[in-house]
Amino acid sequence: MNFDDTPQEAAFRAEARKWVEANAPKEYEAELSQASLGRITLKKGDMVEVGKAWQKKKADAGWACLSWPKEYGGRGATPIEKVIWQQEEGVYGKLTQPFQIGEGMCGPTVMAFGNEDDKRRRLPKLASGEEIWCQLFSEPAGGSDVAGLRTRAERDGDDWIVNGQKIWTSGAHYADWGLLITRTDPNVPKHKGLTMFFLDMKSKGVEVKPIKQANGMQEFNEVYFTDVRIPDSQRLGNVGDGWNVSLTTLMNERMSIGSRLATGFPEIFAFCSELMTDDGLAIDDSAVRSKLADWAVKSSGLKYTAYRSLSALSRGERPGPENSIGKLVAGTMVQDIAAFAMDLQGAAGVITDPAAADAAGRFQAMWLGSPGMRIAGGTDEILRNIIAERVLGLPGDIRVDKDVPFNKIPTKGR
Amino acid sequence: MNFEFSDDQKQLRDQARRFLAEKCPPKTVRAVLEGKEAYDKALWKGLAEMGFLGVAIPEEFGGTGAGHLELCVIAEEMGRALAPVPFSSTVYLAAEALMLAGSDAQKQKWLPKIASGEAIGTLALFEGTGNPSAKAVKLTAANGVLNGVKKPVADGAIADFAIVAARTGTSGRETDIALYLVDLKGGGVEAKTLTNLDPSRNQAELTFKDCKAEPLGAASEGWSILSRVLDRAAVLLAFEQVGGADRALEMGRDYALDRIAFGRPIGSFQAVKHILADMYVAATLARSNCYYGAWALSTNAGELPEAAATARISATQAFQHCAKQNIQVHGGMGFTWEFDCHLYYRRSNALALSLGSLSYWEDQLIERMRKKNAA
């Protein structure tokens, strides 16, 4: 049992470190280091533009989309090499945020189901950050129940005509291409009538509207489709096979281990270490210690759980199911930590003005944003279902709409 | 990165699991729990024959010399099986104290007997209510003679020898505390079994009256040795707790698959699934933290104090949570004497309270993290 690299891994790490050291945009290092949770804004530049420049530089030197084949703009690297790269890229990895959905979900789906021409045309530009992709799955009527989606695609000669609405689409306002799942047959049960496409987000009839969230920020969009034409050549997989295609997309999402989840623990530990109360430092209070210790072991447990998965990757094996706990644990932790930090601040905990609030208002911002963490990318409840069914082998829920034609499923509660 | 047990260690785990499945089924645990004997002597002998008692004891002292990672593997299996034997007292506490601080003669005398199953050892630290603290040690040592009362002492009524924490001065410093080795069969000690939460393990009160004892380690270093022993034992006990947590989770999962109510397996209800998913989360976090502890223990890393507290807290939480929720998943049957759920429930709390309780280790962890950050 050790934390050491193999000789090959060490050589790869040294090469990556040397390149990052020589090429990273150091002028943003401080700002990127401080940003821990939520969307990052840069004072001296536009996040997407700075990100694109960094991604292009990486792609030119062979450090973009590392696990992809070289002919599609990648490096053909092993999974463990990809993780080592992420460790060495460090804070600059935060600049890759606009490209992560493309690299982790859209790209692999196009790679698995697209035709060779499209793969060679689109994927290298995705890898180099010249073209940004978004994923158009969720709908107002299909959140956790993705297969309940209602956006229609109807055949018209060599094209499809799309009408409907998507929601919670990250980056739709700057995306060039989108991965779109639609309903092509409402007369069959819901999982059977879906078809996947990709489309140019500049197509006529596509309208993107930002969503103002409960915390006042705008990180997601609604996307409306009005008679949008998509050539049949941009269909991914067979007609009616969209659900299976989407599983490939989501499977790739779950395989990404390297990304470190924010828990809020370093922030609350630092805050309690410095906060002076009438009875002395907060961290000397036994009730505070008990809470800190609980979060410390959860945070450490997540870290070493990821290390176990990395060990499997390092041996060339598939990681076990242990990594499925990450977001479930981290989401609640962030919310609880933020609430506790504000409790320690007493009446002043209500202040959000960065100039006047404790810790520049970071816990208030964390608290306002934290409900989203427990919902986006699978709610806590869906994640528990996944653990129960796929890890522990418990039976699936009884699905009352399973064998019912989609257009016969009730749409109103009462 | 290789943050995983080796293939040899996994084979050892399989071997231990098979051995315990055969020699330590629930009815063996129940025999001790119901007072038929103080511990399972046949199992103890079998563990010695398998080499499990001496897995971390060097060959020159009668062990197999395999190491502490191997001991972690065995500990997890002992926890899974709720083995009703004085394994933790003898192996994690007494043997570790001897290996850390014993003289060559003391090691020669006791370690081979531990490995062969001839001697049961324990640590006599607590004197009533409270967590590990130098101030709480009142039992006195003067001229190699001990006077005072220790309780609870795990496996105290069945042990052959004990490592005893004793007060040698009144300066108020930790250096007042020294460790002594006492042959419990040599007179001067009276042992009284105390009924306890988990009768599958012995708890006793030991009364020392002008009891002859020999020093273990330097007189002024007693507390510092003891702290190191507790850290090492915390990692090993955490593996037992993770073994117990995993087994309780499996029991709950299996029952949820078999039990039908409202015309369907209860495991198909989300309310039940979510209980089991949360048990899995707790057990997984604890296992990962235990691996960190195992790494620190086996390499004598500077991180051991922090890693030990982390593993201990996480494993205590996981075993208590899983044992408690396993009963809930079982419903009424889980609250019967007949079902095994209460064996895990009892053991989960008995282990949580030994070696210092959860609040003690929480305090220790934050103190240790602060020191590291300050340094």
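Residues numbered from 1 in each chain as written. Chains lettered and ligands numbered in written order. Predicted model: local features only at pLDDT ≥ 70, side-chain atom pairs only at ≥ 80, totals over all residues.

Re the overall build of chain B
For chain B, the helix and strand inventory stands at 11 helices and 10 strands. Expected size for 375 residues packed as a compact globule is a radius of gyration near 21 Å; at 21 Å, chain B falls within 12% of this value. By principal-axis analysis of the C-alpha atoms, chain B measures approximately 75 × 50 × 40 Å. Evaluated residue by residue, chain B yields a buried proportion of 56% over its 375 residues. (Helix = DSSP H or I, 4+ residues; strand = E, 2+ residues; numbered from the N terminus. Rg over C-alpha atoms; globule rule 2.2 N^0.38 Å. Buried ≥ 20, exposed ≤ 12 C-beta atoms within 10 Å, placed from the backbone.)

Regarding the domain arrangement of chain A
Structurally, chain A comprises domain 1 (7-127), domain 2 (133-253) and domain 3 (257-378). Taking only C-alpha atoms, the centre of domain 1 of chain A and the centre of domain 3 of chain A are 26 Å apart. (Domains from an automatic or database assignment.)

Quick word on the interface of chain B and chain A
The interface is formed by 40 residues belonging to chain B together with 37 residues belonging to chain A. Element by element, the count of residues in the side of chain B that touches chain A is highest for helix α8 (residues 270-299) of chain B, at 17 residues. Split by residue class, the side of chain B that touches chain A holds 21 nonpolar, 12 polar and seven charged. (Contact = placed C-beta atoms within 7 Å. Nonpolar A, V, L, I, M, F, W, Y, C, P; charged D, E, K, R; others polar.)

Points about the pairing of strand β3 (residues 145-154) of chain B
All names here are of chain B. As paired strands, strand β2 (residues 140-142) and β3 are joined by three bridges and run antiparallel to one another. Looking at the pairing, Ala142 lines up with Val145 of β3. Linking two consecutive strands that pair antiparallel, namely β2 and β3, is a turn of two residues; a positive phi of about 50° is found at Asn143 within it. In the sheet, β3 pairs with strand β7 (residues 203-212) via seven bridges, with the strands oriented antiparallel. Of the residues in β7, the one forming a bridge with Lys150 is Leu206. (Pairing = 2+ DSSP bridges.)

Observations concerning helix α8 (residues 265-274) of chain A
Every buried residue of α8 of chain A is listed here: Phe265, Glu267, Ile268, Phe269, Phe271 and Cys272 of chain A. Looking at the buried side of α8 of chain A, the elements it contacts are α9 (286-314), α10 (326-345) and α11 (362-373) of chain A.

A word on the nonpolar core
Residue and element names in this part refer to chain B. Ranked by internal contacts, the top residues of the largest apolar core, which has 227 residues, are Ala97, Ala162, Val164, Leu179, Tyr180, Val182 and Leu276. Here this core gets 19 residues from one element, more than from any other, and that element is helix α7 (residues 222-258). Ignoring any residue separated from it by four or fewer positions in sequence, one finds Val182 in contact with Leu146, Phe161, Ala162, Val164, Val189, Cys211 and Ala213. (Core = buried A, V, L, I, M, F, W, Y, C linked by C-beta atoms within 7 Å.)

Description of the environment of Ile387 of chain A
Mapping Ile387 of chain A onto the fold places it in helix α12 (residues 380-391). Looking at Ile387 of chain A, the number of C-beta atoms within 10 Å reads 24, which means it is buried. Placed 364 residues apart in sequence, Ile387 of chain A and Asn23 of chain A show a C-alpha to C-alpha distance of 41 Å. Once residues lying within four places of it in the same chain are set aside, the contact partners of Ile387 of chain A are Ser324 and Leu392 of chain A together with Ala277 and Tyr280 of chain B.

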